[in-house]
Amino acid sequence: MKKILSKIETPLNKNLDRIESFIHSHGKVNFLFGAIFEAFDGLLRSSKHTAQTQPFIRNNIDTKKFMGAVLIALVIGWVLPAMYFFGLQCVISRLIVSFGVGVFVVDVIWAIIAREDHISEGGFVSCLLVPAILPPQSPLWLVGLGAAMAIIFRNIMGGVGHNLVNPALFSRLFLTICFPSFLATGYQVPFVGIPDLHTLRYGLDTITHATPFSEFKAEGTITSYISLLLGTANGSLGETCRLALILTGIWLIKMKVANWRLPVSYFGSVFVFSGMFSLLSKSTTAPPMFHLLSGGLVLGAFFMITDPITTTYNQKAKWIYGIGCGFITVLLRNYTTLAEGAMYAILLMNLLAVPIQSFMIKIKYRT
Amino acid sequence: MIKKKQNRVFKGGVNLFDTYSIPFCNIFEEISSDLPPELFNLALPDKQSVKHIIATLCPTEPWALPNWVILGHKTTVFLDKIKEIKTSLFPEAKCSVVISNNETEHISAAKEYAVANEWMEVFAIEAKYPHDDPVVLSKAILNREVNFGQDTLSQGILILDAQTISAIHKSRVLNDNVDSRFIALSGTGLKENEFINVQLGTSVEKIIKNRMKESARCRVFVNGPLRGKEINDFTQRIDWTVNNIVVLEVQDTKVMFPMINTDRLHFTTNLLGDVRACVYCNFCDDICPVNLEPALYYHCYKRGEKQRARLYNLEKCIECGLCSFVCPSKIELLRIIKECK
């Protein structure tokens, strides 16, 4: 591999240099294609900038690697299990639409219109999360619209680093409000067993309207915890195989990309509050373990609330943030007609992160 | 009396030896000055003002001069030197010897020595940058608050490194002249990493002239690339404060496939990434040795409220540069902090 790459290295480098100097010497070309070239070039080549002030050496971690770790975790955590449970065609088509619309159309057009000098890597993460939180058999245009909304919304807020709330969750909220019927149906039943050619490609043909939590609300049945953990219970495309999500989430924490305080406080507070509520009224509220393993809670705890931009910066405030997320999730799930509360809880706490942060800073520095 | 300080005394910091392992060759070369050499002349404080002596035998930067160059395997001989300095110069002072905890040989020898000598304490600490900083050391070992930029002597603390102790012993106790010191030369811009024994007053040019790689463009840093200064004027002369010289290649062209060609970017002045907006990743406050939140200063600075940044304990910053070092968005946090100050 290294030998092959080293052969094409020099001619490719020369040509890229030539294209770069051509783009920079022609104003109109630069205006249209500068950012696209920069993004493509950034994947192949390193930066040419050097440190001008102290310290003169820098760590070998940049935002590309930071986002790359999240991408790897998401691929192992939901893409591979979903391919097995729902069929290759279902997953791959949704990924192509999501990336195509989100990154390669909307982000590129935005970079040209807004005259940005680079296309951000964060778009890949958002576009990989959008299909994960939609039903497996939702129409493809819905996925595309979701990805487009996520990227447009994030860019309007000022791009990566300035978005107040998680773009993927915001686009899901947008779709829930605009197309509630599409989000309540299309829950394909996961395939279990040794796949043959048909099931490998399409999965099972059975589609229901019910998710484990809506079943609990309607009939009071509790899906077995093992099937929830392994992913054989139905749910959104990316949230079913909780075991893979937990393992990759722990890997992310170990890589220090995700902050351990957030998942710990989220899981802990959901467990404690749902335990308290189920002691108060056993018949109407779900038991704590069912709360933890159902719905998008695991995906949210490891991949949504750990998104560093939308949480508080202060480490102690992260505990308040996680506990708040857990409390609102349990409240919404137990006492409203909504089938899933994690999304609303995280979005609400994203907004509340700003006052929590400034409050904790005021306490810490007594200003 | 042996105390093994726990890690919780120290906060943050990073072990640079894992990332930057610098192999030195063991041959020492002597370089003499063209001019008559200067003599080592450290103005020592008077007897009463020094209450504590901290001997730091724990260099935390991989390019700094290691202890074995001065100590060899004769730990007790060196500790005797400390004893003689103490008895003749600072009879009332207590002494703390700080040793890196992977030098087990020195630690066990010093432990034995400390049993017989009540005035001495031995601390084994992990060699994490910047835990040998005066502010961090006096806080962790003596629990004294020293402000950054303040002389530790005002609190009665005298911090000395191995080479300075040897020099003080030779010049004050034995009344001999000291006119040379050891310097570690390292970096990607040099043909070889080596130690030199150089006379004080030698110019930098004479030291690095035949040692630099001809092909590469290089930048020269005195006292390391993290805390040291870049020098462009090579006629500058070596004095006692120069511990090491690091020469780094300037990698200011794009490198193809940086994932597999890491060796071409490693230990150069390249930023190793593009400048982006802050993503609040918490790397900077995890690593900060004095428990600050550097991203707050960045956001104050960006909003144009430099005054406001001072409210967030800005004066406690020891300017170690680790926040800029780890930042994945490659923000120049240290420059911002200095401007806000």
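As the structure is a computational prediction, the values presented were derived from the model and not from experiment. (Residues numbered from 1 in each chain as written. Chains lettered and ligands numbered in written order. Predicted model: local features only at pLDDT ≥ 70, side-chain atom pairs only at ≥ 80, totals over all residues. Heavy atoms only, no water.)

1. Observations regarding the packing of aromatic side chains
All names here are of chain A. All told, the structure shown has 29 aromatic pairs over all chains when counted by the stated rule. Between Phe-216 and Phe-290, the ring centres sit 5.6 Å apart and the planes meet at 45 degrees, which makes this aromatic pair tilted. With Phe-216 in helix 10 (residues 212-219) and Phe-290 in helix 14 (residues 288-293), this residue pair connects regions lying 74 residues apart in the sequence. By relative accessible area, Phe-216 is classed as buried at 10%. For Phe-290, a relative accessible area of 0% corresponds to the buried category. Look at Phe-273 and Phe-327: their rings are 4.8 Å apart centre to centre, the planes differ by 65 degrees, and that puts the pair in the edge-to-face class. Of this pair, Phe-273 sits in helix 13 (residues 261-280) while Phe-327 sits in helix 16 (residues 315-335), and the two are 54 residues apart along the sequence. Overall, the relative accessible area of 18% leaves Phe-273 in the buried class. Judged by relative accessible area, which is 33%, Phe-327 ranks as partly exposed. (Phe/Tyr/Trp six-rings, centres within 6.5 Å; stacked < 30°, edge-to-face > 60°. Helix = DSSP H or I, 4+ residues; strand = E, 2+ residues; numbered from the N terminus. Buried < 20%, exposed > 50% of the residue type's maximum accessible area, 1.4 Å probe, protein only.)

2. Quick notes on the domain arrangement of chain B
Residue and element names in this part refer to chain B. Assigned domains of chain B: these are domain 1 (2-31 + 39-173), domain 2 (180-253) and domain 3 (283-340). For domain 1 versus domain 3, the distance between C-alpha centres works out to 29 Å. Taken together, the contact pairs 12 residues of domain 1 with 12 residues of domain 3. When the two sides are added together, the surface that domain 1 and domain 3 hide from each other amounts to roughly 1000 Å², 71% of it contributed by carbon and sulfur. (Domains from an automatic or database assignment. Contact = heavy atoms within 4.5 Å. Buried area = accessible area lost by both parts, 1.4 Å probe.)

3. Concerning the domain arrangement of chain A
For an interface, size is often stated in terms of accessible area lost upon the parts coming together. Residue and element names in this part refer to chain A. In terms of domains, chain A is made up of domain 1 (2-46) and domain 2 (64-363). With 7 residues of domain 1 at the contact, the number on the domain 2 side is 9 residues. In total, about 670 Å² of surface goes out of reach between domain 1 and domain 2, with carbon and sulfur atoms giving 76% of it. Of all residues in domain 1, Phe-31, Ala-35 and Ile-36 bury the most surface against domain 2, accounting for 59% of the area lost on that side. Where domain 1 touches domain 2, the interface holds 0 salt bridges. Where domain 1 touches domain 2, the interface holds 0 residue pairs in polar contact (both at pLDDT 80 or more). Residues that form the side of domain 1 that touches domain 2 fall into these classes: 5 nonpolar, 1 polar and 1 charged. (Salt bridge = Lys/Arg side-chain N within 4 Å of Asp/Glu carboxyl O. Polar contact = N/O pair within 3.5 Å; in protein donor to acceptor, adjacent residues only side chain to side chain. Nonpolar A, V, L, I, M, F, W, Y, C, P; charged D, E, K, R; others polar.)

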